Amino acid sequence: MAASALFPNLKYSDGLTVVGISVCTVLVCEAISWVLIYRTTSYKSLKSSIDKASKKLEIMKTDSPINKAKAKAKKMDRVETSLKESSRDLSLFKFKSGAVVAVVLFVVFGLLNSLFEGKAVAKLPFVPIRIVQKMSHRGLQGDDPTDCSMAFLYFLCSINIRTNLQKFLGFSPPRGAAGAGLFPMPDPKTN
């Protein structure tokens, strides 16, 4: 049942429905992540070891050089290696939850796609650049570049709401694990 049937007098009912479903989906996904990841002792120990290693590495890098530079360099290498291993373990630990969350997101996206297929759910207040216009106007009939499809609005809402919710709940990755994502920073020593 479309949102326009629920709220026939509301001008932005379809857009608000997509935003509301996006909020609910993000809450469900974060609850799944909490059950499978964030409440476990393994996650807590990995996060604390990453925090400790990153703080220790920062202190070692900001300290003034001492006479035993070679020993300090070896110790920094050990701490960096430990940090990389912990970050890798954390990424692998989060992988199982990612699969469940992906299934939930695919199901919700399919449901929304069937509800709002070929229907503009929002109006953009500007004409987007060509590449963004292809995403925002995906699956819509007509030539109005300010029409916004469900997929674009859902994508934007989900990314923004999930990132902010993770920061608010304290589920964002530890500081030292920033390079442990999909595209890790290259090691400067190998160049």
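Residues numbered from 1 in each chain as written. Predicted model: local features only at pLDDT ≥ 70, side-chain atom pairs only at ≥ 80, totals over all residues. Heavy atoms only, no water.

Points about the overall build of the protein chain
Summing up its helical and strand segments, the protein chain has six helices and two strands in all. Helices and strands in the protein chain line up, N terminus first, as α-α-α-α-β-α-β-α. In the protein chain, 69% of the contacts between residues at least 6 apart in sequence involve partners at least 24 apart. (Helix = DSSP H or I, 4+ residues; strand = E, 2+ residues; numbered from the N terminus. Contact = heavy atoms within 4.5 Å.)

Some points on the pattern of salt bridges
Under the defined criterion, the tally for this structure stands at five salt bridges. Measuring nitrogen to oxygen at the nearest pair gives 2.7 Å for the salt bridge that ties Arg162 to Glu30. Taken as a pair, Arg162 in helix H6 (residues 150-169) and Glu30 in helix H2 (residues 13-38) lie far apart in primary sequence, 132 residues in all. By relative accessible area, Arg162 is classed as partly exposed at 25%. Close ionic contact of Lys123 with Asp147 constitutes a salt bridge, the shortest N to O distance being 2.8 Å. Here the residue Lys123 occupies a position in strand E1 (residues 122-123), and Asp147 occupies one in strand E2 (residues 147-148), the gap between them amounting to 24 residues. You can call Asp147 buried: its relative accessible area is 14%. (Salt bridge = Lys/Arg side-chain N within 4 Å of Asp/Glu carboxyl O. Buried < 20%, exposed > 50% of the residue type's maximum accessible area, 1.4 Å probe, protein only.)

Here's the deal with the packing of H2 against H6
In contact at an axis separation of 9 Å, H2 and H6 are set at 40 degrees when each is read in the N-to-C sense. When the axis of H2 is compared with that of H6, the two are oblique. Regarding H2 and H6, the two cross each other, and that crossing is right-handed. For the pair H2 and H6, contact is made by Gly15, Val18, Val19, Ser22, Val23, Thr25, Val26, Leu27, Glu30, Ser33 and Tyr38 and by Met150, Leu153, Tyr154, Cys157, Ser158, Ile161, Arg162, Leu165 and Gln166, respectively. Along the lines of polarity and charge, the residues of the contact of H2 with H6 split into twelve nonpolar, six polar and two charged. (Axes fitted to C-alpha atoms, helices over the stretch in contact; angles between N-to-C directions. Parallel < 35°, antiparallel > 145°, perpendicular 65-115°, else oblique. Left-handed = near helix turned anticlockwise from the far one by under 90°. Nonpolar A, V, L, I, M, F, W, Y, C, P; charged D, E, K, R; others polar.)

Let's talk about the UniProt feature "transmembrane region" (unreviewed entry) in the protein chain
Those residues carrying the UniProt feature "transmembrane region" (unreviewed entry) are residues 16-38 and 98-116 in this numbering. A distance of 26 Å separates the end C-alpha atoms of residues 98-116, which is 95% helix and 0% strand. (UniProt positions renumbered as here; feature names shortened; annotations may be inferred.)

Comments concerning a positive patch on the surface
A grouping of Lys56, Lys70, Lys74, Lys75 and Arg78 is seen on the molecular surface, where their side chains present a positively charged patch. Among the elements that take part in the positive patch, helix H4 (residues 69-115) stands out by supplying four residues, more than any other. A residue is classified by how much of its surface remains accessible, and Lys74, at 53% relative accessible area, is exposed. (Patch = residues over 30% accessible without salt bridge, like charges linked within 9 Å, V, L, I, M, F, W, Y side chains within 5 Å. Areas by Shrake-Rupley, 256 points an atom, 1.4 Å probe, with all protein chains shown as cover. Lys, Arg positive; Asp, Glu negative; His and termini not counted. Charge placed at Lys NZ, Arg CZ, Asp CG, Glu CD.)

Observations regarding the environment of Met150
With respect to the helices and strands, the residue Met150 is situated in helix H6. The exposure class assigned to Met150 is buried, which follows from its relative accessible area of 2%. Once the C-alpha coordinates of Met150 and Ala120 are considered, the two residues, 30 residues apart in sequence, prove to be 7.0 Å apart. If near-sequence neighbours (up to four positions away) are discounted, Met150 is found in contact with Val18, Phe109, Leu112, Asn113, Phe116 and Val121.

A look at the packing of aromatic side chains
Scanning the model with the defined rule gives two aromatic pairs in all. Relative to Tyr43, the ring of Tyr38 lies with its centre 5.1 Å away and its plane at 80 degrees, an arrangement referred to as edge-to-face. For the pair Tyr38 and Tyr43, a shared accessibility class is recorded, and that class is buried. Relative to Tyr154, the ring of Phe109 has its centre 6.2 Å away and its plane inclined at 45 degrees; by these criteria the two rings are tilted. You can see Phe109 sitting in helix H4 and its partner Tyr154 sitting in helix H6, a full 45 residues away along the chain. Tyr154 sits in the buried class, given a relative accessible area of 6%. (Phe/Tyr/Trp six-rings, centres within 6.5 Å; stacked < 30°, edge-to-face > 60°.)

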